[in-house]
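Summary of the model geometry
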Amino acid sequence: MASLRAKTAIAGLGITEQGKVYGPSATGFAVEAIRLALEDAGLAGSDLDGLLVNPGMSWGESGAMASFAVQQAMGLRDLRLTAAMNLGGATAGAMIQQAVLAIDAGLASVVACVFSDAPLKPPKPKDAKGGGGSGSSGAYAFAGGLNAAYGAFGVNALYALLTQRHMHRFGTTHDQLGAIAVAERAWAQGNPQAQFAGTPLTIEQYHASRWVVEPFHLLDCCLVSNGGLAVIVTSAERARSLRQPPVYVLGMGQGHPGGDPLETLTSGAPVAAKTAFGMAGAALSDVTFCELYDCYTFTVLNTLEDYGFCAKGEGGPFVAGGRIAPGGALPVNTGGGQLSSFYMWGMTPIGEAVIQCRGQGGTRQVPRNDLGLVSGNGGVLSTHATLLLSPHAS
Amino acid sequence: MEAIAKPLPRVTPELAPFFEAAKARKLVVQRCASCGRLRFPPRELCSHCWSRDAEWVPVSGRGEVFSFYWMHQIYHPGFAAEVPYPVVIVALEEGPHVLSNIVGCAREQLRIGLPVEVTFEDASDEVTLPKFRPRG
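Residues numbered from 1 in each chain as written. Chains lettered and ligands numbered in written order. Predicted model: local features only at pLDDT ≥ 70, side-chain atom pairs only at ≥ 80, totals over all residues. Heavy atoms only, no water.

Remarks on the overall build of chain A
Along chain A, the regular secondary structure elements total 14 helices and eleven strands. For 394 residues, the compact-globule formula gives about 21 Å, and the C-alpha radius of gyration of chain A, at 20 Å, lands near that figure. Counting over 394 residues, chain A shows a buried share of 60%. Residue pairs at least 24 apart in sequence account for 77% of intrachain contacts in chain A once pairs closer than 6 positions are excluded. With the model as given, the accessible surface of chain A reaches about 14,600 Å², and the carbon-plus-sulfur share is 54%. Charge-centre separation for chain A: the mean point of 23 positive side chains lies 3 Å from the mean point of 27 negative side chains. (Helix = DSSP H or I, 4+ residues; strand = E, 2+ residues; numbered from the N terminus. Rg over C-alpha atoms; globule rule 2.2 N^0.38 Å. Buried < 20%, exposed > 50% of the residue type's maximum accessible area, 1.4 Å probe, protein only. Contact = heavy atoms within 4.5 Å. Areas by Shrake-Rupley, 256 points an atom, 1.4 Å probe, with all protein chains shown as cover. Lys, Arg positive; Asp, Glu negative; His and termini not counted. Charge placed at Lys NZ, Arg CZ, Asp CG, Glu CD.)

This is the structure:
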């Protein structure tokens, strides 16, 4: 089998306004992101023959047919490839992999991959009635389950259980988790699109932020964002004729471990990495920067371990001392990540990797952009996608 | 302000034997009728041998805290007066992990590895909830 290494490239990137942006629906954000990505690449809607959509939570049941909804909204005709895809935070990487495979197989030639979501609603006027706190418990959709009877709610809590195990087994500390939050916030100061641009963070402020679900402070948890983010994937040859410098897909892979992550504390990264680095013909030591899925500070620490930047359990000492911060030896989440820029699921790390590979990072541009490691993590360490991206085809 | 009740679990056909046992002060888990492996919470299939046949069997109710968190966020008004409250994953001596609450445990006392035993709390006429308390 001929290698897929550098056969395709990301040729366009579209990032809508992010955060507390009200008005567009999730579909509207998806269309806007694709429009921006096409414009960035110098392509038109009529150039698209593939469309992959990762619907965020606010799509609800309509997410099942999200690609058709976006196609209709954009008036796109005669597409040769579409799908709504969902494997949580690993979806974005998996969409790009699907696009690469389809392009290589001749099923499509220009594929838009998009994530969008609009979970935030505009604040109610001060005198408005209603909202949480006064309704009957019947209004809560999650009531009725066994876990709810014990007050066990939300994804934050599931990652809190993992983090508690990690702290117990390896002595990981809040100073170490906080070092990740502080490093990402420092990176965000160079990213004008970040929701926390202009709001630096100290380790003291991290420690002082309220508990959400202990051991997580508020600042251990990612943002919630309205917005959309799209990329355009095409053949390497076609990408070279377009407006932006191509960002080549050198390697890709997936890993979905199954079992109970609470026992293993291991994501799908080891499995995904083996495929991806094999394809790229690269080693971990070739990686010059990382864009890692960071639903929580813990996820970054654990992902660094799972790729082998340090041994399992040594993630805490690894991130301490500014190693992943601006000026550190291993730049990680250079746009501020999901903790400090915006939460577009797996598209947040991919978008930033594209910017870095193109050398368009401005004041946050990494010194060496030769090989970016991009991870997507979904569920509770349940699904994983790896991309190895580079400005160089060889 | 009028107190708001905590959410009660629905007694689904799948969970009925669990609640029936809890009412009788017994903790039960599912056992695969084909390969004998224990599992909780109840599932349609055994993930080892894929058999759909299962029975409910009593367990000791003894185990240790495998992980836990202190919930500070109010997701449901029924818990508003209790935040922060602990949610624990208990590793039963027989193997399965059970999500529950710990009672009669000081904040400083709660740690991974803490030996615990089951206790029962009546939430309604129909529903009794197995919870855990420090042991020995």
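A short note on the interface of chain B and chain A
Buried accessible area, meaning the area lost when the parts come together, often serves as the stated size of an interface. Every contact between the two is made by 35 residues of chain B and, on the other side, 32 residues of chain A. Carbon and sulfur atoms make up 63% of the area that chain B and chain A hide from each other, which totals about 3,000 Å². Among the residues of chain B in contact with chain A, Tyr69, Tyr75 and Ile112 of chain B are the three that bury the most area, contributing 21% of the side total. At the boundary of chain B with chain A, the tally comes to one salt bridge. Elements with a contribution of two residues or more to the side of chain B that touches chain A: helix 1 (16-23), strand 4 (62-71), strand 5 (85-92), strand 6 (97-101) and strand 8 (128-134) of chain B. (Buried area = accessible area lost by both parts, 1.4 Å probe. Salt bridge = Lys/Arg side-chain N within 4 Å of Asp/Glu carboxyl O.)

What to know about the pattern of salt bridges
Residue and element names in this part refer to chain B. Inspection of every chain in the model, using the stated rule, returns 18 salt bridges over all chains. Here glutamate 93 makes a salt bridge to arginine 62, at a shortest N to O gap of 3.2 Å. One end of the pair, glutamate 93, is in the loop between strand 5 and strand 6; the other, arginine 62, is in strand 4, and 31 residues separate them in sequence. For arginine 62, a relative accessible area of 35% gives the class partly exposed. Between lysine 131 and glutamate 121 there is a salt bridge; the shortest N-O distance is 3.0 Å.

Considering the sheet that holds strand 2 (residues 38-39) of chain B
Residues and elements named next belong to chain B. If you trace the three strands from one edge of the open sheet to the other, you get 2-1-3, paired in antiparallel fashion. In this open sheet, the two edge strands, each paired with only one partner strand, are strand 2 and strand 3 (54-58). Bridge analysis of strand 1 (residues 28-32) against strand 2 gives two bridges, and the strand direction is antiparallel. Residue pairing across strands places glutamine 30 opposite arginine 39, the latter belonging to strand 2. (Pairing = 2+ DSSP bridges.)

Focus on the packing of aromatic side chains
Taken as a whole, this structure holds nine aromatic pairs over all chains when the rule is applied. Relative to tryptophan 56 of chain B, the ring of phenylalanine 18 of chain B has its centre 6.4 Å away and its plane inclined at 45°; by these criteria the two rings are tilted. On the criterion of sequence distance, the pair formed by phenylalanine 18 of chain B in helix 1 and tryptophan 56 of chain B in strand 3 is long-range, its members being 38 residues apart. By relative accessible area, tryptophan 56 of chain B is classed as partly exposed at 24%. Members of the aromatic cluster, connected to one another through ring pairs, are Phe153 of chain A together with Tyr75, Phe79 and Tyr85 of chain B. Stacked on the ring of phenylalanine 66 of chain B, the Lys or Arg arginine 165 of chain A has its end atom at 3.7 Å from the ring centre. (Phe/Tyr/Trp six-rings, centres within 6.5 Å; stacked < 30°, edge-to-face > 60°. Lys NZ or Arg CZ within 6 Å of the ring centre and 35° of its normal.)

Digging into the sheet that holds strand 2 (residues 50-55) of chain A
Think of a sheet as strands paired side by side through backbone hydrogen bonds, with each pair either parallel or antiparallel. Residues and elements named next belong to chain A. Spatially, the nine strands line up as an open sheet ordered 3-2-4-7-1-8-11-10-9, and their pairing is mixed. With partners counted over all chains shown, the strands left at the sheet margins are strand 3 (81-84) and strand 9 (289-291), one partner each. Pairs of neighbouring strands in the sheet enclose a mean axial angle of 25°, with direction left out of account. The sheet contact formed by strand 1 (residues 8-15) and strand 7 (residues 227-235) spans seven bridges and is antiparallel. In the strand pairing of strand 7, isoleucine 10 is matched with valine 233. Relative to the sheet, helix 2 (residues 66-74) contacts strand 2 and strand 3, its axis offset from that of strand 2 by approximately 120°. Strand contacts of helix 14 (residues 347-358): strand 1, strand 4 (110-117), strand 7, strand 8 (247-255), strand 9, strand 10 (372-378) and strand 11 (383-390), with the helix running at about 110° to strand 1, the strand carrying the most contacts. (Axes fitted to C-alpha atoms, helices over the stretch in contact; angles between N-to-C directions.)

Side note on the nonpolar core
Residue and element names in this part refer to chain A. Among the nonpolar cores identified, the biggest contains 170 residues, and Ile96, Cys113, Val231, Leu304, Met347 and Ile350 are the most heavily contacted of them. In terms of residue count, helix 3 (residues 91-105) provides more of this core than any other element does, eight residues in total. Ignoring sequence-local partners within four residues, the contact set of cysteine 113 consists of Leu52, Met95, Ile96, Ala99, Leu229, Ala230, Val231, Val233 and Met347. (Core = buried A, V, L, I, M, F, W, Y, C linked by side-chain atoms within 4.5 Å.)

With respect to helix 11 (residues 297-307) of chain A
Every α-helix carries 3.6 residues per turn, so stepping three or four residues along brings you back to the same face. All names here are of chain A. With eleven of eleven residues buried, helix 11 lies mostly within the body of the structure. Here helix 11 has its buried residues at Thr297, Phe298, Thr299, Val300, Leu301, Asn302, Thr303, Leu304, Glu305, Asp306 and Tyr307. Downstream of helix 11 by a residue or two, glycine 308 has a phi angle that is positive, lying close to 95°.

Quick look at the side chain of arginine 185 of chain A
All names here are of chain A. Along the chain, the position of arginine 185 falls in helix 6 (residues 174-188). Buried and unpaired, arginine 185 has glutamate 184 as its nearest opposite-charge partner, separated by 8.4 Å. Polar contacts involving the side chain of arginine 185 include one to the side chain of serine 340, which spans 2.8 Å. (Polar contact = N/O pair within 3.5 Å; in protein donor to acceptor, adjacent residues only side chain to side chain.)

A closer look at the packing of helix 5 (residues 154-170) of chain A against helix 11 of chain A
Residue and element names in this part refer to chain A. In the contact formed by helix 5 and helix 11, the axes pass within 10 Å of each other and the chain directions differ by 55°. Judged on the interaxial angle alone, helix 11 and helix 5 are oblique. Of the two possible hands of crossing, helix 5 and helix 11 adopt the one that is left-handed. Along the contact surface, helix 5 presents Tyr159, Leu162, Thr163 and His166, while helix 11 presents Phe298, Thr299, Leu301, Asn302 and Glu305. Looking at the contact of helix 5 with helix 11 residue by residue, the classes come out as four nonpolar, four polar and one charged. (Parallel < 35°, antiparallel > 145°, perpendicular 65-115°, else oblique. Left-handed = near helix turned anticlockwise from the far one by under 90°. Nonpolar A, V, L, I, M, F, W, Y, C, P; charged D, E, K, R; others polar.)

Considerations on the pairing of strand 1 of chain A
Residue and element names in this part refer to chain A. Burial analysis of strand 1 places eight of its eight residues in the buried class, the great majority of the element. Strand direction decides the pairing type here: strand 1 and strand 8, joined by two bridges, are antiparallel. Looking at strand 8, one finds that alanine 9 is bridged to tyrosine 248.

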